[in-house]
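# Reading the structure
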Amino acid sequence: MAIRSWPLYLFLTALSLMFLIPFVIMLLGSFQNIEQAIGSPSEWLDAEFTVQNFIYIFTNNDFARWIFNSIIITIVPVFSQMFFCAVLGYIFAKKEFPFKNVIFWGMMAVVMMPGQLLIIPRYIMFSEFQWINTYLPLIVPEIWGIMGVFFVRQYMMTLPKDLEEAAYIDGANDFTIFWRIMLPLCKPVIATVGTFSFITNWNDFFTPLIFMTESKMYPITVGLASMLSREGHFGIEMAGAVVSFIPTFLIFLFFQRYFVKGIALTGMK
Amino acid sequence: MKTEFNKNAIVYVFLIPILIHFFIFQLFPIGFSLVLTFMDWPVIGTPTFVGLENWKQFFQDKLAWKAIWVTIKFSVMYILPTMALGLVLALLIDSGRKASGIFKGIFFLPVVTSFVVISGIWAWLFKGTKEGFINGMFALIGLEPQLFLASSKQALWVLAALSIFKVCGSTMIYYFAGLQSIPGEYYEAARIDGANKWKTFWKITFPLLLPIHFYVGIITTIGSFQIFDSAYLLTGGGPNYATTTIVYYLYQEGFNSLRLGYASVLAYILFFIVFGLSLLQRKYLSKDVSYK
């Protein structure tokens, strides 16, 4: 369905401008010394250009600490998910053992249940474990995920059996086959699992809101939200938004196609 | 000859710890939350067994029903626009092949941005005074300033607009994948028969996307029943409970009023709704449309 070119591009450009306006406002606002208003154009044009907002958020908040917390609770699950989902994907795609399908589809079914069902029992459990205000409740449950296993499994099932058989004949064991043959072949799908895990964990708001009650332990999402409800200064708030947006944006720029794949596969919003 | 263990060593080394992990962090909590619905479990103090008390209370709790109603209203405002916009964006980038990567990236940007960042911007856009950006624009073209988030009539619309903006990029991806799986011969045949673009869309593209419509419809609905972040960040459930959704109410009851037993009932109500929707999905997805 080829539509004639230039009206299409005009329309696309207009639409993308609408999508970009909020981000442009964020970026411009973060560099302006502007108290309240963004409504009147005159105030926008008169406002002075400044980097004070950025200095302020780092000196008057636990901002650096929040970013550090976010990095910890994101990086650990990203790498452990890539590893465990790859191994388990291999196990479920290529190995035979008792109850294989019951275990796999049973886990898939349980994960389909809404996450809100888990939050209260986990809160009680983690209080008992003394895990509140530590990184553990945000890391330990996230070290692997059945959806990631599902991707890897689907991908590996398409790889020909001959590859492994040749390696077995040469005397390789499972670990060697997984590490030397399967893993290199599965780089794209493992990158998808990792990228997806990054965005989900970095942007998570609900879980840390429950398990982190001390400001020092907030990740950037909860920290930024607490800053937004406190400041009432447009420039400062937007500076905070920009800084917390940058890592997601960079990951998005570099791994866009993996992330798109992840969205298409998981059915997540 | 290798022993049975050696042949499957990798299975036992990795699967057993993962199964234990699964039991502790998934299976046990889900069973535990069912037990919790029969308990009075204040965060501080001793839990007591109360039988069906929490469930009875749910049926009499006007606020809980209001929260369900608010969530349904939100879904109605949100689902169709998200699907329609996603489809339009997919059609556009599908036709504009040359620059489609850039546009796809732009439409997708809100999907990867956190709700907190978008809500931060949205709060200023929809400020209910003349300082708000949208009210500023309204003033330029001579429209009355609106209350937006401070109005119990408008606040839910603003949240719906935010969610549409945030999510339609992912709907676009599903539709884009769907469009690319429609074989070119159909369009070829339509062209030879002299069908115009409008007709081609309604007679070929739209019906052939049927499985995608169902899939996107169901996951968007499931997502909309779990809406929380924007209600928490932008309106705090207000004004006058106009944006208190099921999950927001669950959060309030569980972690502000510290009634974990009752909040578990709400979690199960949410589960029943989402489960029902998933069954629908399965029923309709099994009727897969075949292209050949």
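The model shown is predicted, which means the values in this text are computed figures rather than measured ones.

## Concerning the overall build of chain B
- What chain B contains, in helices and strands, is 14 helices and 2 strands.
- Its C-alpha atoms give chain B a radius of gyration of 24 Å, more than 25% over the compact-globule value 19 Å for 292 residues.
- Dimensions of chain B, computed from the C-alpha atoms along their principal axes, are close to 80 × 75 × 30 Å.
- Here the contacts in chain B between residues at least 6 apart in sequence split such that 68% fall between residues at least 24 apart.
- Of the charged side chains in chain B, 22 are positive and 13 negative, and the gap between their average positions amounts to 5 Å.

## A short note on the overall build of chain A
- Looking only at helices and strands, chain A has 14 helices and 0 strands in total.
- Its C-alpha atoms put chain A at 75 × 65 × 30 Å along the principal axes.
- The 269 residues of chain A split such that 57% are buried.
- Counting contacts in chain A only where the partners sit at least 6 residues apart, residues at least 24 apart contribute 75% of the total.
- Within the structure as shown, chain A displays about 12,000 Å² of accessible surface, and the carbon and sulfur contribution to it stands at 68%.

## Topic: the pattern of salt bridges
- On inspection of all chains with the given rule, the structure shows 5 salt bridges over all chains.
- Among the ionic pairs, A:E96 bridges to A:K100, the shortest N-O distance being 3.5 Å.
- In this structure A:E96 comes out as exposed when scored by relative accessible area, which is 57%.
- B:E188 is paired through a salt bridge with B:R191; the nearest N and O atoms lie 3.1 Å apart. With B:E188 and B:R191 both in helix α9 (residues 184-192), this residue pair falls 3 residues apart, about one helical turn.

## Some points on unusual backbone geometry
- Notably, A:N133 is not glycine yet its phi reads approximately 65°, a positive angle.
- Mapped onto the elements, A:N133 comes out in the loop between α6 (116-128) and α7 (136-139).

## So, the packing of helix α3 (residues 53-60) of chain B against helix α4 (residues 62-95) of chain B
All names here are of chain B.
- It is the contact of α3 with α4, at a shortest axis distance of 5 Å, that shows an interaxial angle of 65°. Here α3 contributes F58, F59 and Q60 to the contact with α4, which in turn contributes K62, A64, W65 and I68.
- Considered class by class, the residues forming the contact of α3 with α4 number 5 nonpolar, 1 polar and 1 charged.

## Some details on the packing of helix α10 (residues 197-208) of chain B against helix α11 (residues 210-225) of chain B
All names here are of chain B.
- Relative to each other, α10 and α11 sit at 50°, their axes nearing to 5 Å. Taken together, the axes of α10 and α11 are oblique relative to one another. Seen from α10, the contacting residues are F206, P207 and L208; seen from α11, they are L210, P211 and H213.
- Taken together, the residues that form the contact of α10 with α11 break down as 5 nonpolar, 1 polar and no charged.

## Quick word on the interface of chain A and chain B
- Taken together, the 90 residues of chain A in the interface contact 91 residues of chain B.
- A buried area of about 8,200 Å², summed over both sides, lies between chain A and chain B, and 81% of it is on carbon and sulfur atoms.
- Along the contact surface separating chain A from chain B lie 0 salt bridges.
- The tally of links from chain A across to chain B stands at 6 residue pairs in polar contact (both at pLDDT 80 or more).
- Looking at the side of chain A that touches chain B, the element that brings in the most residues is helix α14 (residues 234-266) of chain A, giving 15 residues.
- When the residues that make up the side of chain A that touches chain B are grouped by side-chain class, the tally is 67 nonpolar, 16 polar and 7 charged.

## Notes on the environment of A:P137
Residue and element names in this part refer to chain A.
- Considering the arrangement of structural elements, one finds P137 in helix α7.
- For P137, a relative accessible area of 3% corresponds to the buried category.
- Between the alpha carbons of P137 and N203 there is a distance of 16 Å; along the sequence they are 66 residues apart.
- Other than its neighbours up to four places away in sequence, P137 contacts F126, W131 and F211.

## Section: a nonpolar patch on the surface
- Together, A:F129, B:Y12, B:I16, B:I20, B:F23, B:I24, B:L27 and B:F28 make up an exposed nonpolar region whose accessible area comes to about 700 Å².
- Mapped onto the elements of the fold, B:L27 is located in helix α2 (residues 9-36).

## A look at the environment of A:I146
- Checked against the element boundaries, A:I146 lands in helix α8 (residues 146-157).
- When the C-alpha atoms of A:I146 and A:M108 are compared, they prove to be 6.3 Å apart, with 38 residues separating the residues in sequence.

## Description of the nonpolar core
- Core analysis: the largest hydrophobic core is formed by 196 residues, its most contacted members being A:M26, A:F92, B:F107, B:F108 and B:W122.
- Discounting chain neighbours no more than four positions away, the residues touching B:W122 are A:P22, B:V158, B:A161, B:L162, B:F165 and B:L234.

Rules behind the numbers
- Residues numbered from 1 in each chain as written.
- Chains lettered and ligands numbered in written order.
- Predicted model: local features only at pLDDT ≥ 70, side-chain atom pairs only at ≥ 80, totals over all residues.
- Heavy atoms only, no water.
- Helix = DSSP H or I, 4+ residues; strand = E, 2+ residues; numbered from the N terminus.
- Rg over C-alpha atoms; globule rule 2.2 N^0.38 Å.
- Contact = heavy atoms within 4.5 Å.
- Lys, Arg positive; Asp, Glu negative; His and termini not counted.
- Charge placed at Lys NZ, Arg CZ, Asp CG, Glu CD.
- Buried < 20%, exposed > 50% of the residue type's maximum accessible area, 1.4 Å probe, protein only.
- Areas by Shrake-Rupley, 256 points an atom, 1.4 Å probe, with all protein chains shown as cover.
- Salt bridge = Lys/Arg side-chain N within 4 Å of Asp/Glu carboxyl O.
- Axes fitted to C-alpha atoms, helices over the stretch in contact; angles between N-to-C directions.
- Nonpolar A, V, L, I, M, F, W, Y, C, P; charged D, E, K, R; others polar.
- Parallel < 35°, antiparallel > 145°, perpendicular 65-115°, else oblique.
- Buried area = accessible area lost by both parts, 1.4 Å probe.
- Polar contact = N/O pair within 3.5 Å; in protein donor to acceptor, adjacent residues only side chain to side chain.
- Patch = residues over 30% accessible without salt bridge, like charges linked within 9 Å, V, L, I, M, F, W, Y side chains within 5 Å.
- Core = buried A, V, L, I, M, F, W, Y, C linked by side-chain atoms within 4.5 Å.

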